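# Fold and contact review
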Amino acid sequence: MKTYTNVKDLGSITEALKEAFEIKKNRFAHKYLGENKTLLMVFFNSSLRTRLSTQKAGMNLGMNTMVLDIQSGAWKLETERGVVMDGDKPEHILEAIPVMASYCDIIGVRAFAGLVDKAFDYQETIINQFIAYSGKPVFSMEAATGHPLQAFADLITIEEYKKTARPKVVLTWAPHPKALPQAVPNSFADFMNEADVEFVITHPEGYELAPQFVRNAGVEYDQIKAFEGADFIYAKNWSAYQDPHYGTILSTDRSWTVSDRQMAVTHEAHFMHCLPVRRNMIVSDSVIENAQSLVIQQAANREISAQVVIKRLLENTL
Ligand code: CP
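Quick summary incoming for the structure in this document. Keep in mind the model is a prediction, meaning the values are calculated, not measured.

## Some remarks on the overall build of the chain
Along its length, the chain carries twelve helices and twelve strands. Over its C-alpha trace the chain gives a radius of gyration of 19 Å, about what one expects of a compact globule, namely 20 Å for 318 residues. The proportion of buried residues among the 318 residues of the chain is 55%. Considering only contacts in the chain between residues 6 or more positions apart, those separated by 24 or more positions represent 78%.

Next up, the structure:
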C-alpha cells in the first residue's frame with residue numbers, strides 16, 4: 001500500500017479484517033517494522049481520537065511519532081497556487097510539504113472540507129498535494145471527502161458485534177447546530193457498499209450524498225421505515241452536498257434525533273457514532289448510554305484500523 005484515502009486502497013476487506021483481528025490479538029508483533037522510522041501526523045483541524053489512536057498505532061509498530069498542529073504553533077499555510085501572498089499566510093504548502101517530508105518516513109494528514117468551494121473539496125486538493133509533493137507514503141486522518149480510518153474501525157466493530165451473517169445497517173442523518181462535512185458518511189457508505197450487509201441511508205430530502213459514495217445503497221426518506229428491523233444504527237450529521245446548497249444546513253428538525261422512539265422499531269440495534277457527538281441533538285442520553293451503544297468500542301478500534309494501515313505502508317517502505 002502506498003497511500004490510504006479510501007476503501008479501495010485496502011484491497012480485499014476480508015483480508016483487511018483478518019489482519020485487524022490478528023493485530024488486535026497481539027498489537028506488538030510487528031514492532032520491528034517501525035524501528036528507526038518516523039511517523040509525522042499533520043493536523044489542519046482538531047482531533048482527540050485520531051490523534052491518540054494513530055500515535056498509539058505508530059508506537060505499537062515501534063515508530064517514533066511527531067505531531068504538527070498547523071493551527072497552533074506552525075506558520076499559517078497558503079494552499080492554492082497563483083495567490084499573491086500578501087495576507088496572513090506566510091508559508092506555501094508547496095514548500096512546507098517537502099520540508100515536512102524530509103523529517104519523516106510516513107505522513108498522516110487531517111484536512112477537513114472548507115465547505116465553501118465544492119470543487120476544491122471534492123478534488124481532495126490538500127491531501128493530494130501531500131501525495132504529489134512529499135515523496136512519502138501518505139494516509140488520510142480525515143480529508144475533505146472521506147474518513148477511511150474511522151470507517152475501517154466501524155467495519156471492524158460491526159464484524160465483532162453482528163449476530164446475523166448479513167446484518168441490516170442504517171446510516172441516519174441527525175441534526176446539528178453547525179455545518180459539518182460529508183467525510184464520515186461518505187466513507188461509511190463506501191465501506192458498507194463493499195461489506196456483506198443490507199445498507200440503507202436515511203435523511204431529509206436535500207441531504208443526498210454524492211452518488212459515487214451512495215452507489216447501490218437504499219435511500220429512504222422516512223426515518224422510522226428505514227429503522228425497521230435494523231441491526232446497527234449509525235448516526236451522523238452532514239451538511240448539504242447538492243448544489244446550490246453545498247455546505248449549508250437545510251434542516252435542524254429534532255424529530256430526527258435518535259431516541260428510544262426510533263430504536264423501538266429496530267431489531268434491538270446497536271447504536272454507532274464516530275464521536276465527538278452532541279447529546280440530545282444527534283442522540284438521546286438514553287440511547288448512547290444503553291448497553292447496545294458501541295461508540296466506545298468504535299473509538300477503541302481506531303487504534304487497530306490505524307495499525308493495519310501504517311503496518312502496510314511500512315511494509316511498502318522496506
Ligand atoms: N472520530 C474522530 O475522528 O474523532 P476525532 O475528531 O476526535 O479525531
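## Brief notes about the environment of Arg261
You can see Arg261 is positioned in helix α10 (residues 260-263). Put simply, Arg261 and Val287 are 26 residues apart on the chain and 9.9 Å apart in space, counted from C-alpha to C-alpha. With residues up to four places along the chain from it excluded, the contact list for Arg261 reads Ile224 and Ser255. Within the local environment of Arg261, its side chain forms a polar contact with the backbone oxygen of Ser255, the two atoms lying 2.8 Å apart.

## Concerning the site of the ligand
What surrounds the ligand is the set Ser47, Leu48, Arg49, Thr50, Arg110, His147, Gln150, Cys274, Leu275 and Arg302. Side-chain polar atom of Thr50 to an oxygen atom of the ligand: 2.7 Å apart, as the coordinates give it. Relative to its unbound accessible surface of 260 Å², the ligand loses 93% to contact with the protein. Here the shell around the ligand is composed, by residue class, of three nonpolar, four polar and three charged. Counting contributing residues, the shell around the ligand receives three or more from each of domain 1 (3-146 + 302-317) and domain 2 (148-298).

## Focus on the side chain of His30
As for its position among the elements, His30 is in the loop between α1 (13-25) and β2 (38-43). Looking at His30, the relative accessible area reads 18%, which means it is buried. Not counting residues within four places of it along the chain, the set of residues in contact with His30 comprises Ile23, Leu61 and Lys311.

## Points about the pairing of strand β8 (residues 168-173)
The element β8 is extensively covered by neighbouring structure, given that six of its six residues are classed as buried. The alternating pattern of β8 places Lys168, Val170 and Thr172 and Val169, Leu171 and Trp173 on opposite faces, both of which are buried. In this sheet, strand β9 (residues 198-202) lies alongside β8 in parallel orientation, the contact comprising five bridges. The partner of Lys168 across the bridge, within β9, is Glu198.

## Comments concerning a nonpolar patch on the surface
A grouping of Met66, Val99 and Tyr103 is seen on the molecular surface, where their side chains present a nonpolar patch of about 280 Å² in accessible area. With respect to the helices, strands and loops of the structure, Met66 is situated in strand β3 (residues 64-69).

## Section: the nonpolar core
Side chains of a nonpolar character, in soluble globular proteins, are inclined to be buried together. Phe139, Phe152, Phe191, Met192, Phe199, Ile201 and Ile310 are the most contacted members of the largest nonpolar core, which totals 62 residues. Ranked by residue count, the leading element in this core is helix α12 (residues 295-317), at seven residues. Each of domain 1 (3-146 + 302-317) and domain 2 (148-298) gives at least three residues to this core. The residues touching Ile310, leaving out its near neighbours within four places in the chain, are Leu39, Thr54, Ala57, Gly58, Leu61, Met63, Ile106 and Phe139.

## Points about the pattern of salt bridges
Evaluation of the coordinates by the stated rule reveals 17 salt bridges. Glu303 is paired through a salt bridge with Lys56; the nearest N and O atoms lie 3.2 Å apart. Of this pair, Glu303 sits in helix α12 while Lys56 sits in helix α2 (residues 49-60); the two residues are 247 residues apart in sequence, bridging distant segments of the chain. Relative accessible area serves as the criterion here: at 12%, Glu303 is assigned to the buried category. Lys76 is the partner of Asp88 in a salt bridge, and the nearest nitrogen-oxygen pair spans 2.7 Å. Note that Asp88 is positioned in the loop between β4 (77-78) and β5 (91-92) and Lys76 in the loop between β3 and β4, a separation of twelve residues in sequence. Relative accessible area serves as the criterion here: at 38%, Lys76 is assigned to the partly exposed category.

## Looking at helix α7 (residues 183-194)
Taking 1.5 Å of rise per residue, twelve residues should cover 16 Å, and α7 covers 17 Å from first to last C-alpha, within 8% of that figure. Of all twelve residues in α7, ten are buried, a share of seventy percent or more. Looking only at α7, the buried set comprises Ala183, Val184, Pro185, Asn186, Ser187, Phe188, Ala189, Asp190, Phe191 and Met192.

About the criteria used
- Residues numbered from 1 in each chain as written.
- Predicted model: local features only at pLDDT ≥ 70, side-chain atom pairs only at ≥ 80, totals over all residues.
- Heavy atoms only, no water.
- Helix = DSSP H or I, 4+ residues; strand = E, 2+ residues; numbered from the N terminus.
- Rg over C-alpha atoms; globule rule 2.2 N^0.38 Å.
- Buried < 20%, exposed > 50% of the residue type's maximum accessible area, 1.4 Å probe, protein only.
- Contact = heavy atoms within 4.5 Å.
- Polar contact = N/O pair within 3.5 Å; in protein donor to acceptor, adjacent residues only side chain to side chain.
- Near = heavy atom within 4 Å.
- Areas by Shrake-Rupley, 256 points an atom, 1.4 Å probe, with all protein chains shown as cover.
- Nonpolar A, V, L, I, M, F, W, Y, C, P; charged D, E, K, R; others polar.
- Domains from an automatic or database assignment.
- Pairing = 2+ DSSP bridges.
- Patch = residues over 30% accessible without salt bridge, like charges linked within 9 Å, V, L, I, M, F, W, Y side chains within 5 Å.
- Salt bridge = Lys/Arg side-chain N within 4 Å of Asp/Glu carboxyl O.
- Core = buried A, V, L, I, M, F, W, Y, C linked by side-chain atoms within 4.5 Å.
- Expected span 1.5 Å × (residues − 1).

Interpretation in functional terms is not warranted from these geometric data alone.
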